[in-house]
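The residues making up each chain are set out below.
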Amino acid sequence: ALRHHEDWQRQWRNPTPKPRYDVIIVGGGGHGLATAYYLAKEHGITNVAVLEKGWLGGGNTARNTTIVRSNYLWDESAALYEHAMKHWEGLSQELNYNVMFSQRGVLNLGHTLQDMRDIQRRVNANRLNGIDGEVLDAEGVQSLVPIMDCSKRARYPVMGASWQPRAGVARHDAVAWGYARAADALGVDLLQNTEVTGFKIRDGQIQGVHTNRGDIESKTVGCVTAGNSSVLAGMAGLNLPLESHPLQALVSEPLKPVLDTVVMSNHVHGYISQSDKGDLVIGAGIDGYNGYGQRGSYPTVEHTLQAIVEMFPIFSRVRMNRQWGGIVDTCPDACPILSKTKVKGLYFNCGWGTGGFKATPGSGHVFAASLAKGEMHPIAAPFSIDRFHSGALIDEHGAAGVAH
Ligand code: FAD
Ligand code: PYC
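Residue positions are given per chain, counting from 1 as you read along its sequence in written order. Each chain is given a letter, starting from A, and each ligand a number, starting from 1, according to the order in which they appear as written. Note on the predicted model: pLDDT of at least 70 is required for a residue's local features to be given, and 80 or more for side-chain atom pairs to be given and counted; whole-chain, interface and lining totals, by contrast, use all residues. Here the side-chain values reflect all heavy atoms present in the structure, with hydrogen atoms and water set aside.

Working definition: residue near molecule or strand if any one of its non-hydrogen atoms lies within 4 Å of it. Contacts to ligand 2 come from Thr 65, Ile 67, Arg 69, Met 264, Tyr 271, Thr 354, Gly 355, Lys 358, Ala 400 and Val 402. Here a polar contact is recorded for every N or O atom pair within 3.5 Å, except that within protein the pair must consist of a potential hydrogen donor and a potential acceptor, and residues adjacent in sequence are included only if both atoms are side-chain atoms. In this structure, Thr 354 approaches ligand 2 through a main-chain N or O atom, which is 2.7 Å from a nitrogen atom. At 2.5 Å, a side-chain N or O of Lys 358 approaches an oxygen atom of ligand 2. All accessible-area figures derive from a Shrake-Rupley calculation using a 1.4 Å probe, and residue coverage is judged against the displayed protein chains alone. Look at ligand 2: alone it shows 240 Å² of surface, and the protein chains cover 95% of it.

For the rest of this paragraph, the subject is the nonpolar core. Among buried residues, those of type Ala, Val, Leu, Ile, Met, Phe, Trp, Tyr and Cys that are joined through side-chain atoms within 4.5 Å constitute a nonpolar core. Type-normalised accessible area, obtained with a 1.4 Å probe on protein chains alone, sets the label of each residue: buried when under 20%, exposed when over 50%, and partly exposed for intermediate values. Judged by nonpolar contacts, the single largest core of 63 residues is most densely connected at Trp 88 and Tyr 179. Contact criterion: two residues are considered in contact whenever any of their non-hydrogen atoms come within 4.5 Å of each other. Excluding anything up to four places from it in sequence, Tyr 179 contacts Gly 30, Leu 33, Ala 34, Tyr 37, Tyr 38, Leu 91, Leu 95, Thr 360 and Pro 361. Val 196, Phe 199, Ile 216 and Leu 238 belong to the second-largest nonpolar core, a separate cluster that totals 26 residues.

Moving on to the layout of surface pockets. Here a cavity denotes grid points, spaced 1 Å and computed from the protein atoms alone, that fit a 1.4 Å probe unable to get out, and a pocket denotes an open set having protein on both sides within 12 Å along at least 5 of 7 lines; residues with an atom within 4 Å of a point are the lining. Grid points are joined across faces, edges and corners, and a volume is the space filled by probe spheres set on the points. Volume-wise, the second largest pocket comes out at about 490 Å³. Along the wall of the second largest pocket there are 22 residues; nearest its centre are Arg 171, His 172, Ser 275, Lys 277 and Val 281.

At least two DSSP bridges between two strands are needed for those strands to be called paired. Note on conventions: DSSP H or I runs of at least 4 residues are helices, E runs of at least 2 residues are strands, and numbering of each starts at the N terminus. Within the open sheet, the eight strands sit side by side as β5-β6-β4-β14-β15-β16-β13-β17. Their pairing is mixed. Two strands close off the open sheet at either side, each with one partner strand: β5 (134–137) and β17 (320–330). In this sheet, adjacent strand axes meet at a mean angle of 20° when their direction is disregarded. For strand β15 (residues 270–274) and strand β16 (residues 279–286), the ladder comprises four bridges, and the chain directions are antiparallel. Axis definition: a line fit to C-alpha positions, over the contact stretch in the case of helices; interaxial angles, taken between N-to-C directions, run 0 to 180 degrees.

Now for the packing of helix α2 (residues 75–88) against helix α9 (residues 360–373). Taken N-terminus to C-terminus, the directions of α2 and α9 make an angle of 105°; their axes are 7 Å apart at the nearest point. The angle between the axes of α2 and α9 places the two elements in the roughly perpendicular class. For the pair α2 and α9, the contacting residues are Leu 80, His 83, Ala 84, His 87 and Trp 88 in the first and Pro 361, Gly 362, His 365 and Val 366 in the second. Side-chain classes are defined by residue name, with Ala, Val, Leu, Ile, Met, Phe, Trp, Tyr, Cys and Pro counting as nonpolar, Asp, Glu, Lys and Arg as charged, and the others, Gly among them, as polar. Its residues placed into classes, the contact of α2 with α9 shows five nonpolar, four polar and no charged. Each angle gets one of four labels, with under 35 degrees taken as roughly parallel, over 145 as roughly antiparallel, 65 to 115 as roughly perpendicular, and the rest as oblique.

For the rest of this paragraph, the subject is the site of ligand 1. The local shell around ligand 1 holds 37 residues, among which Glu 52, Asn 60, Thr 61, Thr 65 and Lys 358 are the closest. His 31 is positioned such that a nitrogen or oxygen atom in its backbone is 3.0 Å from an oxygen atom of ligand 1. Between an oxygen atom of ligand 1 and a side-chain N or O atom of Thr 65, the distance comes to 2.7 Å. Of all the secondary structure elements, the ones that give two or more residues to the shell around ligand 1 are α1 (30–43), β13 (243–254) and β17. For the shell around ligand 1, the element with the highest residue contribution is β13, accounting for three residues. Counted by class, the shell around ligand 1 contains 12 nonpolar, 20 polar and five charged residues.

Below, the discussion takes up the environment of Lys 342. When you line up the elements, Lys 342 lands in the loop between β18 (337–340) and β19 (346–350). Relative accessible area serves as the criterion here: at 68%, Lys 342 is assigned to the exposed category. A sequence separation of 41 residues divides Lys 342 from Val 301, and the C-alpha atoms of the two residues are 40 Å apart. The contact partners of Lys 342, leaving out residues within four places of it in the chain, are Gly 204, Gly 237 and Leu 238.

What follows concerns unusual backbone geometry. In this structure, Asp 203 is a non-glycine residue whose phi angle is positive, near 50°. Summarising the element assignment, Asp 203 is placed in the loop between β9 (196–202) and β10 (205–211). Taking the relative accessible area as the measure of exposure, Asp 203 reaches 79% and is therefore exposed. Residues other than glycine seldom take positive phi values, yet His 269 does so here, at roughly 75°. As for its position among the elements, His 269 is in the loop between β14 (262–265) and β15. When its relative accessible area of 5% is taken as the criterion, His 269 is described as buried.

In this analysis, rings of Phe, Tyr and Trp, with Trp reduced to its six-membered ring, are considered paired at centre separations within 6.5 Å, and the interplanar angle assigns stacked below 30 degrees, edge-to-face beyond 60, and tilted for intermediate values. In total, this model carries nine aromatic pairs according to the counting rule given. Taken together, a centroid distance of 5.7 Å and an interplanar angle of 65° make the contact between Tyr 38 and Tyr 179 edge-to-face. Here Tyr 179 lies in helix α6 (residues 172–185) and Tyr 38 lies in helix α1, a separation of 141 residues in the sequence. For the pair formed by Tyr 38 and Tyr 179, the shared burial category is buried. Ring plane angle 80° and centroid distance 6.4 Å describe the contact between Tyr 347 and Phe 367, whose orientation is recorded as edge-to-face. Of this pair, Tyr 347 sits in strand β19 while Phe 367 is found in helix α9, placing the two residues 20 residues apart along the sequence.

Right under this line is the structure:
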């Protein structure tokens, strides 16, 4: 009966590593694959390898709750995430791959007067930057999400929300696979089970990488390794201001359609959407300890489900099917690092922490331009590692929407 599932055409080749490439990307998550794709597509640089220690998209890319929005407070981050949003809006066509981008809107709830003041400020800033957004009161929220408890009886009553109608969700592994297939078709070598174990550096210039499959040379190396970025940086003698934490998610048994938008609450702390398969996709704040185990601990799950049931008493008897964790690389100002380093030709794209999925196409696009030209793209430039020396931090803890 399964015969028709045999002999499917491979979506990408399984090449043998070449001795040298024009550009090496370390990390085959969405950001690394998007970078490789735009290097080939927009800059004609096709002698590129993506080195992935496991399988493509097996890191945070395939572990996240897929929320896509661009409603960040400060001009620098608004520009970065809105650049990504514009790419999302044409991505399935661009890649000829259905990434199931669904613009069903995202609500960020407010439960206190201060929450509402912050929401007002952020929505005003968004609109000044040409980003869609509205401030809703509790009645407005209730009419969008009839199953939510917006009554005054709740322990932390919903007072209102920011609402970004163009925001939504996408199919995470399709994003990785779509970029992978398109990059491969342009000649990029995707090398799975290829772990970078060290860097070859001579006279302050990157020369290549050591891997479990031998040495590979390149004068341009971009590290896009999310939760493992400080490990990679350490191999090059660099110290990045990152902490690696588990971040958990869980999904329920499938239900009939009941929730047609995305709800995030930073105050009671939980976020939820319903996938096209019907399962509730639920996420948490980070687990407080540092670690590299892709699991997380029970108290965080318990706290998250308390928050979900507080907002949605209707879900109190729903059974959870699966739980997992990813390792997020959090920065002190809750913003990413897109930067050159003191090693010439060695770049890092990391620090996306709890919120980088939404940035995938924009991050890849501006990082590719930076690697191709040897100068950081203007949208990426404010996210240089130098900001931790100059003090030009971009504090997005409020808009991050996930406790860390
Ligand atoms: P990854 O997909 O992690 O890719 C990095 C890759 O590098 C991995 O595949 C890894 O195996 C590889 N690697 C590491 N070390 C090496 C080495 N030495 N050699 C070779 N390869 C190596 N963001 C949102 O915008 N919205 C959300 O709703 C959201 N929810 C989240 C929920 C959870 C539970 C988690 C964990 C994260 C969430 N995020 C969310 C954050 C988002 O997932 C990440 O910021 C984003 O996916 C990072 O993508 P990436 O390609 O940089 O990293
Ligand atoms: O950044 O929007 C976000 C997010 C939602 C869940 C995890 N991160």
